[in-house]
Amino acid sequence: AQTIHQWPVAEIKAVGSPLSLGCTIKGKSSPNLYWYWQATGGTLQQLFYSITVGQVESVVQLNLSASRPKDDQFILSTEKLLLSHSGFYLCAWSRRDGYEQYFGPGTRLTVL
Amino acid sequence: QQQVRQSPQSLTVWEGGTTVLTCSYEDSTFNYFPWYQQFPGEGPALLISILSVSDKKEDGRFTTFFNKREKKLSLHIIDSQPGDSATYFCAASEMNAGAKLTFGGGTRLTVRP
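Below or above, wherever it landed, is the structure these notes cover. (Residues numbered from 1 in each chain as written. Chains lettered and ligands numbered in written order. Predicted model: local features only at pLDDT ≥ 70, side-chain atom pairs only at ≥ 80, totals over all residues. Heavy atoms only, no water.)

1. Concerning the overall build of chain B
Applicable threshold: Secondary structure elements are taken from DSSP: a helix is a run of H or I of four residues or more, a strand is a run of E of two residues or more, and numbering for both begins at the N terminus. Between the two quantities, the radius of gyration covers C-alpha atoms and the globule rule is 2.2 Å times the number of residues to the power 0.38. In this scheme, a residue with accessible area under 20% of its type's maximum is buried, one over 50% is exposed, and one in between is partly exposed, where area comes from a 1.4 Å probe on protein chains only. The contact definition used throughout considers only heavy atoms, calling two residues in contact when any of these lie within 4.5 Å.
A tally of helices and strands in chain B yields zero helices and eleven strands. The C-alpha atoms of chain B give a radius of gyration of 13 Å, which matches the 13 Å a tight globule of 113 residues would have. By the burial criterion, 44% of the 113 residues in chain B qualify as buried. Of the contacts formed within chain B by residues at least 6 apart in sequence, a portion of 53% connects residues at least 24 apart.

2. Looking at the interface of chain B and chain A
What counts, and what does not: Note on terms: buried area is the combined drop in 1.4 Å-probe accessible area of two parts once they are placed together, counting the loss on both. Salt bridge, as used here, is a side-chain nitrogen of Lys or Arg placed within 4 Å of a carboxyl oxygen of Asp or Glu. Under the grouping applied here, Gly and all other residues not named as nonpolar or charged are polar, the nonpolar ones being Ala, Val, Leu, Ile, Met, Phe, Trp, Tyr, Cys and Pro and the charged ones Asp, Glu, Lys and Arg.
Listed per partner, the contact involves 21 residues of chain B and 22 residues of chain A. Surface buried jointly by chain B and chain A totals about 1600 Å² across both partners, of which 59% is contributed by carbon and sulfur atoms. Along the contact surface separating chain B from chain A lie zero salt bridges. Put simply, the parts of the chain that give the side of chain B that touches chain A at least two residues each are strand 4 (32-38) and strand 5 (45-51) of chain B. Classifying every residue of the side of chain B that touches chain A gives eleven nonpolar, eight polar and two charged.

3. Quick word on the sheet that holds strand 7 (residues 65-70) of chain A
All names here are of chain A. Definition in use: At least two DSSP bridges between two strands are required for those strands to pair. Every angle, taken between N-to-C directions, lies between 0 and 180 degrees, and every axis is a line fitted to C-alpha atoms, over only the stretch in contact when it is a helix.
What the four strands build is an open sheet, ordered 1-3-8-7; its pairing is antiparallel. Two strands lie at the open edges of the sheet, namely strand 1 (3-7) and strand 7, each paired on one side alone. Pairs of neighbouring strands in the sheet enclose a mean axial angle of 20°, with direction left out of account. In this sheet, strand 8 (residues 73-78) lies alongside strand 7 in antiparallel orientation, the contact comprising four bridges. Among the inter-strand pairings, lysine 70 is bridged to a residue of strand 8, identified as glutamine 73.

4. A few points about the packing of aromatic side chains
Just so we agree on the cut-off: Ring pairs shown here join Phe, Tyr and Trp side chains whose ring centres sit within 6.5 Å, with only the six-membered ring taken for Trp; geometry is labelled stacked below 30 degrees between planes, edge-to-face above 60, and tilted in between.
Enumeration according to the criterion identifies 13 aromatic pairs over all chains in this entry. For the ring pair Tyr36(A) and Phe103(B), a centre distance of 5.8 Å and an interplane angle of 85° mean the geometry is edge-to-face. Here Tyr36(A), found in strand 4 (residues 32-38), pairs with Phe103(B), found in strand 10 (residues 102-103), and the two come from separate chains. Residue class for Tyr36(A) comes out buried when judged on its relative accessible area of 0%. Connected via pairs of aromatic rings, a cluster forms that spans Tyr36(A), Phe103(A), Tyr36(B), Phe89(B) and Phe103(B).

Shown next as structure tokens:
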């Protein structure tokens, strides 16, 4: 069975500090991977997607970047956090040839 | 531009009642429509989905209807239970691997015992 793990579970960071969030998929070879952002009480907005190692497509620019260093790993980062970065960050996966997306447990980010 | 509109924003029903959530969309290229259920502090879980070639899909107490001509879809929950209390999102995309999934604004459902 596929499992998706996100780390950290929650993070409190200062404005201007760097950030790195991670996502790992186990039990699925060569998945498509996605990053979403969700404001508190809001809807989900897709940020990035990747269909293969080393390749990442940006959907929305929020002064964030993403990388896929391994087949089963997706990283979201920024060098300088803004207050507007606060929210819930979700990683999702789909099969290489599929379109159904399955979400991870999320990381709660608070920027002060 | 809000491509997927969802209503109502919040809804309260009594246990045992029927819940109806609706969505409309604008992009005619959308042909895959999932519904997600999200509990506070958790990631959304895929509840049920429908393709544009169908007009109805049923899974237990959950049924989704699709009207291509009107560009509308709905989610019906029969015999609603307090455990169904959650936020529900409709979404839409093309049926391509890696396609962008566009979400509606969500409906916060409360089922009272």
